[in-house]
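Inside the fold
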Amino acid sequence: EAQVTQNPRYLITVTGKKLTVTCSQNMNHEYMSWYRQDPGLGLRQIYYSMNVEVTDKGDVPEGYKVSRKEKRNFPLILESPSPNQTSLYFCASSLRTGNEQFFGPGTRLTVL
Amino acid sequence: AQSVTQPDIHITVSEGASLELRCNYSYGATPYLFWYVQSPGQGLQLLLKYFSGDTLVQGIKGFEAEFKRSQSSFNLRKPSVHWSDAAEYFCAVGAQPDYKLSFGAGTTVTVRA
(Lines give C-alpha, C1' and ligand atoms only; values in the text may rest on other atoms or scores of the structure.)
Protein backbone atom coordinates (compact mmCIF):
# COMPACT_ATOMS: atom_id res chain seq x y z
CA GLU A 1 0.00 0.00 0.00
CA ALA A 2 1.28 3.42 -1.00
CA GLN A 3 1.72 5.48 2.11
CA VAL A 4 3.63 7.97 4.20
CA THR A 5 4.46 6.74 7.68
CA GLN A 6 5.54 8.73 10.70
CA ASN A 7 6.89 7.64 14.04
CA PRO A 8 6.14 8.13 16.78
CA ARG A 9 2.48 9.13 16.51
CA TYR A 10 2.47 10.64 19.97
CA LEU A 11 5.36 11.98 22.01
CA ILE A 12 5.63 13.80 25.31
CA THR A 13 9.06 15.12 26.15
CA VAL A 14 10.80 17.76 28.23
CA THR A 15 12.52 20.96 27.24
CA GLY A 16 15.98 20.44 25.82
CA LYS A 17 15.85 16.71 25.23
CA LYS A 18 16.79 16.02 21.63
CA LEU A 19 14.27 14.07 19.59
CA THR A 20 13.75 12.79 16.08
CA VAL A 21 10.48 12.18 14.27
CA THR A 22 10.89 9.79 11.39
CA CYS A 23 9.08 9.98 8.07
CA SER A 24 9.19 7.38 5.34
CA GLN A 25 7.39 7.03 2.01
CA ASN A 26 7.23 4.00 -0.28
CA MET A 27 6.14 5.78 -3.46
CA ASN A 28 9.58 6.75 -4.78
CA HIS A 29 8.62 10.41 -4.44
CA GLU A 30 11.24 13.08 -5.01
CA TYR A 31 9.64 15.81 -2.95
CA MET A 32 9.13 15.59 0.82
CA SER A 33 8.08 18.19 3.32
CA TRP A 34 7.39 18.78 7.01
CA TYR A 35 4.52 20.90 8.32
CA ARG A 36 3.29 21.88 11.71
CA GLN A 37 -0.39 22.44 12.38
CA ASP A 38 -1.55 24.82 15.06
CA PRO A 39 -5.14 25.91 15.79
CA GLY A 40 -6.20 28.87 13.69
CA LEU A 41 -2.98 28.86 11.68
CA GLY A 42 -3.51 25.96 9.31
CA LEU A 43 -0.40 24.12 8.19
CA ARG A 44 2.92 25.89 8.01
CA GLN A 45 5.89 24.44 6.21
CA ILE A 46 9.00 23.79 8.27
CA TYR A 47 11.44 22.30 5.77
CA TYR A 48 11.23 20.65 2.42
CA SER A 49 13.42 18.50 0.20
CA MET A 50 13.30 18.36 -3.57
CA ASN A 51 15.53 15.28 -3.75
CA VAL A 52 18.26 13.38 -1.96
CA GLU A 53 20.75 15.72 -0.28
CA VAL A 54 18.66 18.76 -1.30
CA THR A 55 16.83 20.49 1.54
CA ASP A 56 15.59 24.01 2.11
CA LYS A 57 13.82 26.10 4.71
CA GLY A 58 10.10 26.60 4.72
CA ASP A 59 8.21 29.30 6.56
CA VAL A 60 9.01 28.29 10.16
CA PRO A 61 12.39 26.49 10.23
CA GLU A 62 13.75 27.87 13.51
CA GLY A 63 14.53 25.14 16.03
CA TYR A 64 14.34 22.30 13.51
CA LYS A 65 16.76 20.33 11.38
CA VAL A 66 16.22 17.79 8.62
CA SER A 67 18.26 15.48 6.47
CA ARG A 68 17.62 13.57 3.26
CA LYS A 69 20.23 10.87 2.88
CA GLU A 70 17.87 8.42 1.20
CA LYS A 71 14.97 9.10 -1.10
CA ARG A 72 12.40 7.40 1.11
CA ASN A 73 13.30 8.96 4.47
CA PHE A 74 13.07 12.53 5.72
CA PRO A 75 13.54 12.76 9.49
CA LEU A 76 12.71 15.88 11.48
CA ILE A 77 15.15 16.67 14.29
CA LEU A 78 14.54 18.92 17.26
CA GLU A 79 17.96 19.45 18.84
CA SER A 80 16.65 21.30 21.91
CA PRO A 81 12.85 21.24 21.98
CA SER A 82 10.98 24.07 23.63
CA PRO A 83 7.32 24.35 24.70
CA ASN A 84 6.48 26.52 21.68
CA GLN A 85 7.22 23.50 19.50
CA THR A 86 4.26 21.67 20.99
CA SER A 87 2.21 20.99 17.90
CA LEU A 88 0.84 18.45 15.44
CA TYR A 89 3.43 17.59 12.81
CA PHE A 90 2.78 16.21 9.35
CA CYS A 91 5.16 14.78 6.83
CA ALA A 92 4.13 14.83 3.18
CA SER A 93 5.53 13.67 -0.12
CA SER A 94 4.82 14.15 -3.79
CA LEU A 95 6.17 12.70 -7.00
CA ARG A 96 7.92 15.96 -7.66
CA THR A 97 7.52 19.62 -6.86
CA GLY A 98 4.08 20.89 -7.82
CA ASN A 99 2.25 17.59 -7.72
CA GLU A 100 -0.35 16.74 -5.12
CA GLN A 101 1.10 15.91 -1.74
CA PHE A 102 0.33 12.78 0.24
CA PHE A 103 0.29 13.22 3.98
CA GLY A 104 1.31 10.99 6.83
CA PRO A 105 -0.99 10.40 9.82
CA GLY A 106 0.64 13.06 11.97
CA THR A 107 2.75 13.17 15.12
CA ARG A 108 1.39 14.95 18.15
CA LEU A 109 4.29 16.38 20.11
CA THR A 110 4.07 17.89 23.58
CA VAL A 111 7.11 19.62 25.05
CA LEU A 112 6.85 20.26 28.78
CA ALA B 1 3.25 38.24 -0.32
CA GLN B 2 1.39 35.06 -1.15
CA SER B 3 -1.59 34.28 1.06
CA VAL B 4 -4.58 32.00 1.30
CA THR B 5 -7.74 33.03 3.14
CA GLN B 6 -10.58 30.86 4.30
CA PRO B 7 -13.03 33.42 5.67
CA ASP B 8 -15.22 30.96 7.55
CA ILE B 9 -13.69 29.41 10.64
CA HIS B 10 -16.68 27.22 11.41
CA ILE B 11 -19.78 26.24 9.44
CA THR B 12 -22.73 24.22 10.71
CA VAL B 13 -24.95 22.57 8.13
CA SER B 14 -27.88 20.16 8.33
CA GLU B 15 -27.50 16.71 6.87
CA GLY B 16 -28.78 16.72 3.32
CA ALA B 17 -28.28 20.45 2.87
CA SER B 18 -25.78 21.98 0.49
CA LEU B 19 -22.35 23.16 1.57
CA GLU B 20 -20.04 25.82 0.19
CA LEU B 21 -16.62 26.60 1.63
CA ARG B 22 -14.83 29.71 0.52
CA CYS B 23 -11.19 30.11 -0.41
CA ASN B 24 -9.48 33.25 -1.66
CA TYR B 25 -5.85 33.57 -2.57
CA SER B 26 -3.35 36.25 -3.37
CA TYR B 27 -0.69 35.11 -5.82
CA GLY B 28 1.19 36.81 -8.59
CA ALA B 29 1.54 33.74 -10.79
CA THR B 30 -1.00 31.23 -12.07
CA PRO B 31 -1.69 29.08 -9.04
CA TYR B 32 -2.13 25.39 -8.48
CA LEU B 33 -5.09 24.88 -6.17
CA PHE B 34 -6.02 22.08 -3.81
CA TRP B 35 -8.65 21.20 -1.26
CA TYR B 36 -7.78 18.77 1.52
CA VAL B 37 -9.99 17.27 4.21
CA GLN B 38 -8.89 16.27 7.69
CA SER B 39 -11.17 14.03 9.68
CA PRO B 40 -10.73 14.04 13.46
CA GLY B 41 -7.44 12.42 14.43
CA GLN B 42 -6.50 11.75 10.84
CA GLY B 43 -4.03 13.07 8.32
CA LEU B 44 -4.99 15.16 5.31
CA GLN B 45 -6.68 13.62 2.31
CA LEU B 46 -6.81 15.29 -1.08
CA LEU B 47 -10.36 16.05 -2.23
CA LEU B 48 -9.57 17.70 -5.55
CA LYS B 49 -7.04 19.80 -7.40
CA TYR B 50 -6.87 22.37 -10.18
CA PHE B 51 -3.84 22.79 -12.37
CA SER B 52 -5.31 24.07 -15.65
CA GLY B 53 -8.18 23.55 -18.08
CA ASP B 54 -11.82 23.30 -17.08
CA THR B 55 -12.39 25.62 -14.15
CA LEU B 56 -15.00 23.33 -12.57
CA VAL B 57 -13.27 20.32 -11.08
CA GLN B 58 -14.78 17.21 -9.62
CA GLY B 59 -13.30 15.45 -6.66
CA ILE B 60 -13.90 12.53 -4.39
CA LYS B 61 -16.83 12.10 -2.01
CA GLY B 62 -19.13 14.15 -4.25
CA PHE B 63 -17.23 17.43 -3.87
CA GLU B 64 -16.55 19.94 -6.60
CA ALA B 65 -14.76 23.26 -6.78
CA GLU B 66 -14.74 26.17 -9.18
CA PHE B 67 -11.71 28.28 -10.01
CA LYS B 68 -12.59 31.92 -10.68
CA ARG B 69 -9.53 33.83 -11.73
CA SER B 70 -11.29 37.20 -11.72
CA GLN B 71 -12.26 36.72 -8.08
CA SER B 72 -9.08 34.88 -7.01
CA SER B 73 -11.30 32.21 -5.53
CA PHE B 74 -11.52 28.44 -5.44
CA ASN B 75 -14.70 27.60 -3.53
CA LEU B 76 -15.59 24.06 -2.58
CA ARG B 77 -19.16 22.78 -2.87
CA LYS B 78 -21.20 19.71 -2.14
CA PRO B 79 -24.91 19.50 -3.05
CA SER B 80 -25.97 17.28 -0.15
CA VAL B 81 -23.82 16.70 2.91
CA HIS B 82 -23.62 13.50 4.88
CA TRP B 83 -22.80 13.21 8.57
CA SER B 84 -19.43 11.74 7.57
CA ASP B 85 -18.50 15.07 5.96
CA ALA B 86 -17.96 16.58 9.39
CA ALA B 87 -14.28 17.47 9.31
CA GLU B 88 -11.83 20.30 8.84
CA TYR B 89 -11.22 21.49 5.31
CA PHE B 90 -8.10 23.19 4.04
CA CYS B 91 -7.54 25.12 0.88
CA ALA B 92 -3.94 25.12 -0.38
CA VAL B 93 -2.25 27.07 -3.14
CA GLY B 94 1.06 26.67 -4.89
CA ALA B 95 2.70 28.58 -7.68
CA GLN B 96 5.85 28.79 -9.72
CA PRO B 97 8.74 28.76 -9.35
CA ASP B 98 8.95 26.54 -6.29
CA TYR B 99 5.31 25.40 -6.04
CA LYS B 100 5.56 25.64 -2.26
CA LEU B 101 2.14 24.99 -0.80
CA SER B 102 0.54 27.63 1.37
CA PHE B 103 -2.47 26.56 3.40
CA GLY B 104 -5.45 28.47 4.63
CA ALA B 105 -6.31 28.37 8.33
CA GLY B 106 -9.04 25.82 7.71
CA THR B 107 -12.82 25.63 8.01
CA THR B 108 -14.41 23.25 10.47
CA VAL B 109 -17.67 21.75 9.27
CA THR B 110 -20.22 20.43 11.73
CA VAL B 111 -23.13 18.39 10.39
CA ARG B 112 -26.32 18.29 12.45
CA ALA B 113 -28.94 15.62 12.09
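1. Structural notes on the overall build of chain B
Helix and strand counts for chain B come out as zero helices and twelve strands. The N-to-C order of helical and strand elements in chain B reads β-β-β-β-β-β-β-β-β-β-β-β. What you see for chain B is a C-alpha radius of gyration of 14 Å, in line with the 13 Å of a compact globule of 113 residues. Taken across its 113 residues, chain B has 47% of its residues classed as buried. Restricting to contacts in chain B with at least 6 residues of sequence separation, those with at least 24 account for 54%. Placing the 9 positive and 9 negative side-chain charges of chain B at their respective mean positions leaves the two points 2 Å apart.

2. Digging into the packing of aromatic side chains
All names here are of chain B. What the rule picks out here adds up to 15 aromatic pairs over all chains. Judged by centre distance (6.5 Å) and plane angle (45°), the rings of Tyr50 and Phe74 are tilted. Placement of the pair is Tyr50 in strand S6 (residues 44-50) and Phe74 in strand S9 (residues 73-78), with a sequence separation of 24 residues. A relative accessible area of 5% means that Tyr50 is categorised as buried.

3. As for the sheet that holds strand S1 (residues 4-7) of chain A
All names here are of chain A. The strand order S1-S3-S8-S7 describes an open sheet built from four strands, whose pairing is antiparallel. The open sheet is flanked by S1 and strand S7 (65-66), the only strands paired with a single partner. Across four bridges, the pairing between S1 and strand S3 (residues 19-25) is antiparallel. Opposite Thr5, over in S3, you have Ser24 as the bridge partner.

4. What to know about the confidence of the model for chain B
Mean pLDDT over chain B: 92, with 99% of residues reaching 70 or higher. Averaged over each element, pLDDT in chain B is lowest for strand S11 (residues 102-103) of chain B (90) and highest for strand S3 (residues 19-21) of chain B (98).

5. Observations concerning the nonpolar core
Trp35, Leu48, Phe74, Leu76 and Tyr89 of chain B are the most contacted members of the largest nonpolar core, which totals 28 residues. When contributions to this core are tallied by element, the ones reaching two or more residues are strand S2 (10-14), S3, strand S5 (31-38), S6, strand S8 (64-68), S9, strand S10 (87-95) and strand S12 (107-112) of chain B. Dropping the residues within four chain positions of it, Leu48 of chain B is found in contact with Leu33, Phe34, Trp35, Val57, Gln58, Gly59, Phe63, Glu64, Ala65, Phe74 and Leu76 of chain B. Among the nonpolar cores identified, the runner-up in size contains 19 residues, and Leu19, Cys23, Tyr64 and Val66 of chain A belong to it.

6. Re the interface of chain A and chain B
In this assembly, 19 residues from chain A lie in contact with 20 residues from chain B. Each partner contributes to the roughly 1500 Å² buried at the junction of chain A and chain B, and carbon and sulfur atoms together form 55% of this total. Considering only the side of chain A, the residues that lose the most area to chain B are Leu43, Glu100 and Phe103 of chain A, jointly responsible for 32% of the buried surface there. Between chain A and chain B we count one salt bridge in total. As a salt-bridge pair, Lys49 of chain B and Glu100 of chain A come within 2.5 Å of each other at their nearest N and O atoms. Joining chain A to chain B, the criterion identifies three residue pairs in polar contact (both at pLDDT 80 or more). Looking at the side of chain A that touches chain B, the elements that each hand over two or more residues are strand S4 (31-38), strand S5 (42-51) and strand S9 (87-94) of chain A. Considering every element that reaches the side of chain A that touches chain B, the biggest residue donor is S5 of chain A, with three residues. Here the side of chain A that touches chain B is built from residues that sort into seven nonpolar, nine polar and three charged.

What counts, and at which threshold
- Residues numbered from 1 in each chain as written.
- Chains lettered and ligands numbered in written order.
- Predicted model: local features only at pLDDT ≥ 70, side-chain atom pairs only at ≥ 80, totals over all residues.
- Heavy atoms only, no water.
- Helix = DSSP H or I, 4+ residues; strand = E, 2+ residues; numbered from the N terminus.
- Rg over C-alpha atoms; globule rule 2.2 N^0.38 Å.
- Buried < 20%, exposed > 50% of the residue type's maximum accessible area, 1.4 Å probe, protein only.
- Contact = heavy atoms within 4.5 Å.
- Lys, Arg positive; Asp, Glu negative; His and termini not counted.
- Charge placed at Lys NZ, Arg CZ, Asp CG, Glu CD.
- Phe/Tyr/Trp six-rings, centres within 6.5 Å; stacked < 30°, edge-to-face > 60°.
- Pairing = 2+ DSSP bridges.
- pLDDT = per-residue confidence, 0-100.
- Core = buried A, V, L, I, M, F, W, Y, C linked by side-chain atoms within 4.5 Å.
- Buried area = accessible area lost by both parts, 1.4 Å probe.
- Salt bridge = Lys/Arg side-chain N within 4 Å of Asp/Glu carboxyl O.
- Polar contact = N/O pair within 3.5 Å; in protein donor to acceptor, adjacent residues only side chain to side chain.
- Nonpolar A, V, L, I, M, F, W, Y, C, P; charged D, E, K, R; others polar.

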